[in-house]
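# Structural description and commentary
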Amino acid sequence: MDGKGIEAGLIQRCVQGDETAWRWLIGEYRERLFRVAMGLLGQSTEAEEATQETFVQVFRHLAGFQGGSSLYTWACRICINLCLRRRERVRRTQQREVSLDSDEGIERTAIVPGTPTPEDTLLEKELSRHLHQALRRLPIEFQAALVLREIDGLSYEEIAQALGVSLGTVKSRVHRGRLILKEQVKEYLEGPAYAS
Amino acid sequence: MRHERVQRWFSRAVDQELSPRQQQRFAAHLTDCPECRREYELFVLAHRSLARPEAGALSAGFTEELVARLRQERGQSLSTATERDAGRLRLIAGVAALVLLFLWGDRAHLLPELRSERLTSGEIEMRVTPWNP
């Protein structure tokens, strides 16, 4: 039986209320969906709630799943929509001030490809935190594409299915998003070009 | 090779989608062009840093909490389905009862006519033969 057949069997068992099948599905997808939610929401509690809600929606509508994409891709789409709606709600009720980190305490070194040193690792850690914050400031369509590509590792075809857009659009969004974040890296390491 | 074209290849290089010939040209340009090389290093760093997982993890009880919630939802949807089925059965029983009533009522209406026809027929009069020793 191929992957599609296995998935169809799993779906059928879930729809029939087989708890073992539910647990298997949750075990398979929960970490990935959580990382996607973290990429978009940036907070563990929020991401966990969104992940739980994603599974609830999946199980509510599983009987109507047509199989046009993989089950995971479909779940991703649900997760992204939930996260984006959640962010809109938060944005309306909260004012969040996000600023670029200054270079206090962070030694900026030249980038030397090769074996990472402990300093490089610390730098990457801080940079990673900074970039994830910057990611959440990008236009929403770029965020979703980048999260699915860079964090979840989906193929461009899967991302196109998850977002309901063409392959070319996905590639363009990922590339443009990466370019913007590359500039963020540059500013973080070197400072803005206009700084005196 | 022009800088703009090389920089358009950054994503494809990171995704390992360049053909062998393109890879050669790309690498050759980066070797000769410090500006593009620097831009590409920053691009790779952004890509790598973003792939690094953020701090945060699902709570230990996540799965059990979720399963409990799904059981509750399932229990509610089961009740609804049972009520729907019971309603349908009641409807079918009601229609069946009406049909039977109609058929029975129809036949009952016919029975007295049949009885009266037999009484007035000659066959019954002939059955009553006078005894004549």
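Everything below is about the structure shown above.
In this report, we go over the structure that sits alongside the text. Only a predicted model underlies this, so the values are computations on that prediction, with no experimental measurement involved.

Right, let's talk about the overall build of chain A for a bit. When helices and strands are tallied, chain A shows eight helices and zero strands. The linear arrangement of helices and strands in chain A, starting from the amino end, is α-α-α-α-α-α-α-α. Buried positions account for 46% of the 196 residues belonging to chain A. Here chain A has roughly 10,300 Å² of accessible surface; of this, 49% comes from carbon and sulfur atoms.

What follows covers the overall build of chain B. On a plain count of helices and strands, chain B comes out with six helices and zero strands. Reading the helices (α) and strands (β) of chain B from amino to carboxyl end gives α-α-α-α-α-α. Residues counted as buried form 22% of the 133 residues belonging to chain B. Look at the contacts in chain B between residues 6 or more apart in sequence, and 51% of them connect residues 24 or more apart. Carbon together with sulfur atoms contributes 59% to the accessible area of chain B, which is approximately 10,100 Å² in total.

Turning our attention to the pattern of salt bridges. A full pass over the atoms with the stated rule returns 20 salt bridges over all chains. A salt bridge links B:Asp15 to A:Arg149; the shortest N-O distance between them is 3.0 Å. Of this pair, B:Asp15 sits in the loop between α2 (10-14) and α3 (20-32) while A:Arg149 sits in helix α6 (residues 140-151), placing the two residues on different chains. The partner of A:Arg178 in a salt bridge is B:Asp15, with the nearest N and O atoms 3.0 Å apart. Of this pair, A:Arg178 sits in helix α8 (residues 167-190) while B:Asp15 sits in the loop between α2 and α3, placing the two residues on different chains. You'll find A:Arg178 and B:Asp15 in the same group, each marked buried.

With that out of the way, let us pick up the interface of chain B and chain A. Chain B puts 36 residues into the contact, and the matching count from chain A is 48 residues. Summing the contributions of chain B and of chain A, the shared interface buries around 4,100 Å²; its carbon and sulfur component is 56%. Linking chain B with chain A are ten salt bridges. Counting the contacts that link chain B with chain A gives 20 residue pairs in polar contact (both at pLDDT 80 or more). When residues of the side of chain B that touches chain A are traced back to their parent elements, those giving at least two are α1 (3-8), α2, α4 (34-51) and α5 (62-120) of chain B. Here the side of chain B that touches chain A is built from residues that sort into 14 nonpolar, seven polar and 15 charged.

Positionally, A:His132 belongs in helix α5 (residues 118-135). It is 22 Å that separates the C-alpha atoms of A:His132 and A:Thr169, two residues lying 37 residues apart in sequence. With residues near it in sequence (within four places) discarded, A:His132 still touches A:Ile151, B:Ser49, B:Leu50, B:Arg52 and B:Glu54. Within the structure, the side chain of A:His132 is placed 3.0 Å from the backbone oxygen of B:Leu50, a separation counted as a polar contact.

Reading the values: rules and limits
- Residues numbered from 1 in each chain as written.
- Chains lettered and ligands numbered in written order.
- Predicted model: local features only at pLDDT ≥ 70, side-chain atom pairs only at ≥ 80, totals over all residues.
- Heavy atoms only, no water.
- Helix = DSSP H or I, 4+ residues; strand = E, 2+ residues; numbered from the N terminus.
- Buried < 20%, exposed > 50% of the residue type's maximum accessible area, 1.4 Å probe, protein only.
- Areas by Shrake-Rupley, 256 points an atom, 1.4 Å probe, with all protein chains shown as cover.
- Contact = heavy atoms within 4.5 Å.
- Salt bridge = Lys/Arg side-chain N within 4 Å of Asp/Glu carboxyl O.
- Buried area = accessible area lost by both parts, 1.4 Å probe.
- Polar contact = N/O pair within 3.5 Å; in protein donor to acceptor, adjacent residues only side chain to side chain.
- Nonpolar A, V, L, I, M, F, W, Y, C, P; charged D, E, K, R; others polar.

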